[in-house]
Amino acid sequence: MATSKRVVFGAVIGLLLSLFSGVRAADRNSDATQSSTEIKLVYLGNAGWQISDSRTVVLVDPFLSQFSLSREPTGNDTATPDTVAIDRRIPAADYIFITHGHLDHMLDAPYIALKTGATVIGLETVANIARAYGVSDTKLITVRGGEDYEFGRFSLRVIPSLHSALREKRWFNSLDATATAPRDLKAPLKVSAFVAGGSLVYLLRMAGHQILIMGSMNYIEREMEGLRPDIALVGANRQRREIYDYAGRLMRALGLPPTVLPTHWDAYGRSAQQKSAREAVEEFVNEVKAASSHTNVIVPRHFEPIMIK
Ligand SMILES: [Zn+2]
């Protein structure tokens, strides 16, 4: 190739690259129905979050009850939410997003929905568990993954996903991985009734932000490709180690998001394990930074608001 042609060729490639990166930057903001305003995120423990702008309060997988559990519940125990802890922390909510039906994601949602009038969004298993506690169909939105719903103050893309690869990847060998809670359940429920029924990720677009919400340590890479959240809540406990290049593939699929908040890493809030849990999550922070050096990783503290403009 002659020198002048090489220069032209290089200029064209440069232009294409700058257009491409321009498109990607625009993508990240294209769903700002209004210019981005401050959003508040509060870590509620386990995979639980409160996300709010000035008018709308969204909860994700609220599990305040974890802080009063003296031991890990067994399947035969009666599932009992800690209503005192919930009342102390959750005065109001408009929507509750649930990633899957397990107890540590779903136990508190029916009580909160009944008390606040919030609408619960989740898989069929989630809807059936909520019905068992008397949550009415008008307060339930059953989703399957693939929906992209408009709510006025926000929009919500529901993303098919995978649960953490528990039991050394034998997760789908078990009934609580593949079953959906039946429709005719009546509370009180046993812990074993809280079957996963699948697993979802959400992309919440609110106040000019796009927030990716995970509740497990796994994902489907092709479902993440092309999403451009500015904030990503990423499952971070050691179950991620079952997954090939967990942080690297995710960060690249998401276009290297500016902010990552680790979730589901706090050893169920047990006070004796907080120091070791915080040390362990630093390894995840390093994995994210290795894949995406400009990403700001914020390890949240329970109930301390994180404000993002
Ligand atoms: Zn689970």
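Structure: see above.
Residues numbered from 1 in each chain as written. Predicted model: local features only at pLDDT ≥ 70, side-chain atom pairs only at ≥ 80, totals over all residues. Heavy atoms only, no water.

(A) Representation of the layout of surface pockets. Of the voids in this model, the largest pocket is the one considered here, and its volume is about 900 Å³. When contributions to the lining of the largest pocket are tallied by element, the ones reaching two or more residues are helix H3 (103–106), helix H6 (166–169) and helix H10 (274–291). Counting residues per element, the lining of the largest pocket draws most heavily on H10, which supplies 5 residues. Classifying every residue of the lining of the largest pocket by side-chain character gives 15 nonpolar, 16 polar and 11 charged. (1 Å grid on protein atoms, 1.4 Å probe; cavity = no way out; pocket = protein on both sides within 12 Å on 5 of 7 lines; lining within 4 Å. Points joined across faces, edges and corners; volume = space filled by probe spheres on them. Helix = DSSP H or I, 4+ residues; strand = E, 2+ residues; numbered from the N terminus. Nonpolar A, V, L, I, M, F, W, Y, C, P; charged D, E, K, R; others polar.)

(B) Fine view of the sheet that holds strand E5 (residues 119–122). The mixed open sheet is built from 7 strands, whose spatial order is E6-E5-E4-E3-E2-E1-E14. The strands lining the two open edges of the sheet, one partner per strand, are strand E6 (140–142) and strand E14 (306–308). Averaged over all adjacent pairs, the angle separating strand axes in this sheet is 20°, with direction ignored. Sheet analysis places strand E2 (residues 48–52) next to strand E3 (residues 57–60), joined by 4 bridges and oriented antiparallel. Paired with Gln50 across the bridge in E3 is Leu59. (Pairing = 2+ DSSP bridges. Axes fitted to C-alpha atoms, helices over the stretch in contact; angles between N-to-C directions.)

(C) Quick look at the packing of aromatic side chains. In this structure the tally under the stated criterion is 11 aromatic pairs. Between Tyr95 and Phe154 the ring centres are 5.0 Å apart and the planes differ by 85°, which places this aromatic pair in the edge-to-face class. Here Tyr95 is found in strand E4 (residues 95–97), whereas its partner Phe154 is found in strand E8 (residues 154–160), with 59 residues between them in sequence. Residue class for Tyr95 comes out buried when judged on its relative accessible area of 19%. Assessed through its relative accessible area of 3%, Phe154 is described here as buried. Seen from their ring centres, Phe151 and Phe154 are 4.8 Å apart, and the 15° between their planes marks the pair as stacked. In textbook terms, an aromatic cluster arises when at least three aromatic residues are bridged by ring pairs, as seen for Tyr95, Phe97, Tyr149, Phe151, Phe154 and Tyr202. Of note, Arg89 hangs over the ring of Phe303, and the distance from its end group to the ring centre comes to 3.6 Å. (Phe/Tyr/Trp six-rings, centres within 6.5 Å; stacked < 30°, edge-to-face > 60°. Buried < 20%, exposed > 50% of the residue type's maximum accessible area, 1.4 Å probe, protein only. Lys NZ or Arg CZ within 6 Å of the ring centre and 35° of its normal.)

These figures come from the coordinates and say nothing about function on their own.
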